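Overview (structure and organization)
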Amino acid sequence: MIAAEDQVKSTNAQTIGKLVVIAVLMFGFGYALVPLYDKFCEITGLGGRTGDQVAELSENQAVDPNRSVKVHFDSNINSQLPWDFEPAETFMEVKPGQMYETHYVARNRSSVPVVAQAVPSVAPGQAALYFNKTECFCFEEQLLMPGEAKEMPVRFFVDSKLPDKVDLITLSYIIYRNDEATSLASSK
Amino acid sequence: MTATTAHDDHHHAAPKGISRWLTTTNHKEIGTLYLVFSLAMFLVGGAMALVIRAELFAPGLHLVNPEFFNQMTTMHALVMIFGAVMPAFVGLANWMVPLMVGAPDMALPRMNNWSFWILPFAFLILLSTLFMPSGAPASGWTLYPPLSLQGGNSFAFVIFAIHLMGISSIMGAINIIATILNMRAPGMSLLRMPMFVWNWLITAFLLIAVMPVLAGAVTMLLTDRFFGTSFFDAAGGGDPVMYQHIFWFFGHPEVYIMILPAFGIISEIIPTFSRKALFGYTSMVYATASIAFLSFIVWAHHMFTVGMPLGGALFFMYATMIIAVPTGIKVFNWVATMWRGSMTFETPMLFALGFVILFTIGGLSGVMLAIVPTDFQYHDTYFVVAHFHYVLVTGAIFAIMAAVYYWIPKWTGYMYDERLGKIHFWWSTISVNVLFFPQHYLGLAGMPRRIPDYAVQFAEFNLISSIGGFAFGFGQLLFVWIVIKCVRGGKQAEARVWDGARGLEWTVPSPAPLHTFDTPPVVTENTEHSAYLQR
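This is a predicted model, so every value here is computed, not measured. (Residues numbered from 1 in each chain as written. Chains lettered and ligands numbered in written order. Predicted model: local features only at pLDDT ≥ 70, side-chain atom pairs only at ≥ 80, totals over all residues. Heavy atoms only, no water.)

Things to note about the overall build of chain B
- Along the backbone of chain B there are 17 helices and zero strands.
- Taken over the C-alpha trace, chain B has a radius of gyration of 23 Å; the compact-globule value for 535 residues is 24 Å, and the two agree within 12%.
- Summarising its shape, the C-alpha atoms of chain B cover approximately 65 × 50 × 45 Å along the three principal directions.
- For chain B, the proportion of contacts with a sequence separation of at least 24, taken over those separated by at least 6, is 82%.
- As displayed, chain B has an accessible area near 19200 Å², and 71% of this comes from carbon and sulfur atoms.
- Computed over 23 positive and 24 negative side-chain charges, the inter-centroid distance for chain B is 10 Å. (Helix = DSSP H or I, 4+ residues; strand = E, 2+ residues; numbered from the N terminus. Rg over C-alpha atoms; globule rule 2.2 N^0.38 Å. Contact = heavy atoms within 4.5 Å. Areas by Shrake-Rupley, 256 points an atom, 1.4 Å probe, with all protein chains shown as cover. Lys, Arg positive; Asp, Glu negative; His and termini not counted. Charge placed at Lys NZ, Arg CZ, Asp CG, Glu CD.)

Quick look at the structure:
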């Protein structure tokens, strides 16, 4: 009887050990979802991710002279940022495979230097993979002195492999205040 | 519970008074603690629901300010889910699983004590946020960022409370799995286990798989809010939509955690009062397992409107609709069990029948919500509120009520008052439909959830719904009285309380002595246990 009880106890200990391992692994899995999600969005272009990387215009981009795609530029300002921030042009007709340049205009309305970071997003999501930026103000932090205004360029091309059904692409930026860099800039 | 102490003689003397309950490692006493705690939380959460229904009684802001209203909707959900429904099921598991599998106690009695006693502290912390300067959480129980991160410092207490609830659930689940897998009486093979035990085994695995994911998600919220990380902050490269994915990866299995034990209870009660074996026992086991599996691959149907590609939306739509198949198998099996049975309609059976009908209504509105184009219209409306209250109130809560009426004679040794039980059933069933059915129409007409005020066109249905809400809410005080009355006394219950009942729990006297099955019963093909093989 005692032996049987000990038997049950050690089986229990094994079961519990395994179950605790599952629980701990699942906690880790919750965190593993973060890089998995990022990777998934990057590969599929879901969530409008356009990548932080500088794209290169490859040689084999055949420009289709008969096709044109409308690009809509959009801007949003986080409420913590005392800036104006607007696209110079709201719309642009582009031919896939060809390089274009436009710019956004930002002005610091406050009396202190402020550093901001812009985050891009492309809609529809399936166009995100084909929208390439070779130069963008969103690649780095932007510092504006009090009252300073600045034209911030974006150079981009739409890949000629863009699916036919897409005829409108929206490039949207949200610009946020970078608190850490701002306090560094104002202490200088 | 006074009657049970008399049987304590052959074991060492138990401490008396409050320390008896603080230090108990007995599965029956801990089960009782869970059930009493759950009932208390049911009343607290119910009071919050009545604040909500009182404010919505008529258009305009009357009683509470919008911020407090939002705190009420959020706290009502957290208290009912983590404080009422889940502890009630764990309490039933504590009481009944060892009795049903012929084990002397749970596998880990001391951890069992701990996993219960964490809960009152968790809820003390959660409820204390109501009295903090920055108030209770007000962003909905889903705690979506960025809104949930814009509250005050009381948010840290909410997260800590959720961590404690998660730890409690995980320990409870580990205990239940170890008990079921290792402590079964000789001859009690897996496919001879009662359906309640089967459903709890699967539920416990769901708990272990997803509660840690919730813990991770809320920890990320905590570090985003207080430690400068940016998991969900777009300014720092995070993504708030990712929170929704992680949350619902927990959240959808969670809703099945709240219904699978209910399926188990109903599968016990219907055979008893139909005096027939459960129809399709094996298919019930496989149906439960399929529902559990499918729950992991349908989470994004809670977030169709975030803007996902067509392929994703279709996948989650079809996967969700497939769940109707195993669930339908269960409903048809219950109906087939009743077919040509010699049915009687005592209170547990009434609640079980109410469950089958009303849960099916909730299931059907769930299928409607699974359809992507219609979900775009129903999303975040009262239609969703009506749907999940049909599956949770007339589903989970009705099943818990049925279970209490079914097993309370075994717990107290006395029969409950059958006349009052029937009044409680009919009062609850009528008022709950007055409460929730009009909310379908409100949702279809476009009334959004979680708002304290609404357009006058919604006035009539809200008025009806509030009347139903007060009738249902105060009606539950009758349930409290029936339970108290049954604990105090009544007609002496026999060992086999219901003549159609089969299973090991009915072989021990009523009330069940504190220690049962010290010598394990031997189960064979032809013994008592075989609730499903013979009758």
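Quick word on the overall build of chain A
- Each helix and strand counted, chain A has three helices and nine strands in total.
- The helix and strand sequence of chain A, counted from the amino end, reads α-β-β-β-β-β-α-β-β-β-β-α.
- By residue count, 39% of the 188 residues in chain A fall in the buried class.
- Looking at chain A alone, contacts between residues at least 24 apart form 77% of all its contacts between residues at least 6 apart.
- Here chain A has roughly 10500 Å² of accessible surface; of this, 55% comes from carbon and sulfur atoms. (Buried < 20%, exposed > 50% of the residue type's maximum accessible area, 1.4 Å probe, protein only.)

A word on the sheet that holds strand 8 (residues 149-158) of chain A
All names here are of chain A.
- Reading across the sheet, the four strands line up as 2-4-8-6 and stay open at both edges, with antiparallel pairing between neighbours. The outermost strands of the open sheet, each flanked by one partner alone, are strand 2 (83-87) and strand 6 (131-136). Ignoring strand direction, the axes of neighbouring strands in this sheet form an average angle of 25 degrees. (Pairing = 2+ DSSP bridges. Axes fitted to C-alpha atoms, helices over the stretch in contact; angles between N-to-C directions.)

Some thoughts on helix 9 (residues 260-274) of chain B
Residue and element names in this part refer to chain B.
- In a regular helix each residue adds 1.5 Å, so 15 residues correspond to 21 Å; helix 9 covers 21 Å between its end C-alpha atoms and thus fits that length.
- With 15 of its 15 residues buried, helix 9 lies for the most part within the structure.
- One or two steps after helix 9, the chain reaches Arg275, where phi turns positive at roughly 55 degrees. (Expected span 1.5 Å × (residues − 1).)

A short note on the confidence of the model for chain B
Residue and element names in this part refer to chain B.
- In the predicted model, chain B carries a mean pLDDT of 93, and the fraction of residues at 70 or more is 96%.
- Low confidence marks residues 1-10, where pLDDT is under 50. Its contacts with residues over four positions away, or in another chain, come to 21 contacts.
- Scored by ipTM, the complex comes to 0.86, with pTM at 0.88. (pLDDT = per-residue confidence, 0-100.)

Topic: a nonpolar patch on the surface
Residues and elements named next belong to chain B.
- A cluster of nonpolar residues, Trp426, Ile430, Val434, Phe437, Tyr441, Leu444, Phe461 and Ile464, forms a patch on the protein surface that exposes about 700 Å² of accessible area.
- Element by element, the count of residues in the nonpolar patch is highest for helix 16 (residues 418-444), at six residues.
- With a relative accessible area of 31%, Phe437 lands in the partly exposed category. (Patch = residues over 30% accessible without salt bridge, like charges linked within 9 Å, V, L, I, M, F, W, Y side chains within 5 Å. Salt bridge = Lys/Arg side-chain N within 4 Å of Asp/Glu carboxyl O.)

Looking at the pairing of strand 3 (residues 91-94) of chain A
Residue and element names in this part refer to chain A.
- Only one face of strand 3 is covered, namely the face carrying Met92 and Val94; the face carrying Phe91 and Glu93 is uncovered.
- The pairing of strand 1 (residues 69-77) with strand 3 spans four bridges and is classified as antiparallel. Opposite Val69, over in strand 3, you have Val94 as the bridge partner.

Regarding empty space enclosed by the protein
Residue and element names in this part refer to chain B.
- By the definition in use, this model includes four cavities of 30 Å³ or more.
- The computed volume of the largest cavity comes to approximately 110 Å³.
- Phe82, Met86, Pro87, Val90 and Ser169 are, among the 13 residues lining the largest cavity, the residues nearest its centre.
- Put simply, the parts of the chain that give the lining of the largest cavity at least two residues each are helix 4 (66-101), helix 6 (154-182) and helix 7 (195-226).
- With five residues, helix 4 is the largest single contributor of residues to the lining of the largest cavity.
- Residues of the lining of the largest cavity, tallied by class, amount to 11 nonpolar, two polar and no charged. (1 Å grid on protein atoms, 1.4 Å probe; cavity = no way out; pocket = protein on both sides within 12 Å on 5 of 7 lines; lining within 4 Å. Points joined across faces, edges and corners; volume = space filled by probe spheres on them. Nonpolar A, V, L, I, M, F, W, Y, C, P; charged D, E, K, R; others polar.)

Some thoughts on the packing of aromatic side chains
All names here are of chain B.
- A full pass over the atoms with the stated rule returns 52 aromatic pairs over all chains.
- Each ring, one from Trp95 and one from Trp411, has its centre 5.7 Å from the other, and the planes form 35 degrees; the classification is tilted. On the criterion of sequence distance, the pair formed by Trp95 in helix 4 and Trp411 in helix 15 (residues 382-412) is long-range, its members being 316 residues apart. Residue Trp95 shares its accessibility class with Trp411, and that shared class is buried.
- Judged by centre distance (5.1 Å) and plane angle (75 degrees), the rings of Phe315 and Phe316 are edge-to-face.
- Sitting above the plane of the Phe226 ring, Arg225 keeps its charged end 4.7 Å from the centroid. (Phe/Tyr/Trp six-rings, centres within 6.5 Å; stacked < 30°, edge-to-face > 60°. Lys NZ or Arg CZ within 6 Å of the ring centre and 35° of its normal.)

Quick word on the sheet that holds strand 3 of chain A
All names here are of chain A.
- The five strands lie next to each other as 3-1-9-5-7, forming an open sheet whose pairing is mixed. The two strands at the open ends of the sheet, each matched to only one other strand, are strand 3 and strand 7 (142-144). Averaged over all pairs of adjacent strands, the angle between strand axes in this sheet comes to 30 degrees, irrespective of strand direction.

What about the side chain of A:Asn108?
Residue and element names in this part refer to chain A.
- Relative to the helices and strands, Asn108 is located in strand 4 (residues 99-108).
- When its relative accessible area of 0% is taken as the criterion, Asn108 is described as buried.
- A distance of 2.8 Å separates a polar atom in the side chain of Asn108 from a polar atom in the side chain of Ser110.
- Among the polar contacts listed, one links the side chain of Asn108 to the backbone oxygen of Met145, at a separation of 3.4 Å.
- Beyond its immediate sequence surroundings of up to four residues, Asn108 is in contact with Pro82, Trp83, Pro113, Val114, Leu144, Met145, Pro146, Gly147 and Glu148. (Polar contact = N/O pair within 3.5 Å; in protein donor to acceptor, adjacent residues only side chain to side chain.)

Digging into the nonpolar core
- By size, the foremost hydrophobic cluster in this structure holds 197 residues, and its most contacted members are B:Phe82, B:Phe123, B:Trp334, B:Phe355 and B:Trp407.
- Considering each element in turn, this core owes the most residues, 23 residues, to helix 4 of chain B.
- Excluding anything up to four places from it in sequence, B:Phe82 contacts B:Pro87, B:Phe123, B:Trp141, B:Met165, B:Met211, B:Leu214, B:Phe250 and B:Glu254.
- Core analysis: the second largest hydrophobic core is formed by 32 residues, A:Phe73, A:Trp83, A:Ala106 and A:Leu144 among them. (Core = buried A, V, L, I, M, F, W, Y, C linked by side-chain atoms within 4.5 Å.)

Observations concerning unusual backbone geometry
- The amide bond that connects A:Ala123 to the next residue, A:Pro124, takes the cis arrangement and shows omega of -5 degrees.
- Although it is not a glycine, B:Arg275 sits at a positive phi angle of roughly 55 degrees.
- Counting through the fold element by element, B:Arg275 comes out in the loop between helix 9 and helix 10 (281-294).
- The class for B:Arg275 is partly exposed, based on a relative accessible area of 23%.
- Of note in this structure, B:Asp380 is not a glycine but carries a positive phi near 60 degrees.

Looking at the interface of chain B and chain A
- On the chain A side, the residues contacting the 29 residues of chain B number 22 residues.
- Taken together, both faces of the contact between chain B and chain A bury some 2200 Å²; the carbon and sulfur share is 77%.
- Taken together, chain B and chain A are joined by zero salt bridges.
- Contributions of two or more residues to the side of chain B that touches chain A are made by helix 6, helix 7 and helix 8 (240-257) of chain B.
- Among the elements that make up the side of chain B that touches chain A, the one with the highest residue count is helix 7 of chain B (nine residues). (Buried area = accessible area lost by both parts, 1.4 Å probe.)

Points about the pattern of salt bridges
Residues and elements named next belong to chain A.
- Tallied over the full model, the rule gives 11 salt bridges over all chains.
- With its nearest N and O atoms 3.8 Å apart, the salt bridge here joins Arg67 to Asp164. You can see Arg67 sitting in the loop between helix 1 (2-44) and strand 1 and its partner Asp164 sitting in the loop between strand 8 and strand 9 (168-177), a full 97 residues away along the chain.
- Residue Arg67 is classed as buried on the basis of its relative accessible area, which comes to 13%.
- A relative accessible area of 69% means that Asp164 is categorised as exposed.
- Its salt-bridge partner being Arg109, residue Asp84 comes within 2.9 Å of it at the nearest N-O pair. Residue Asp84 is found in strand 2, and its partner Arg109 is found in the loop between strand 4 and strand 5 (114-123); the two are separated by 25 residues along the sequence.

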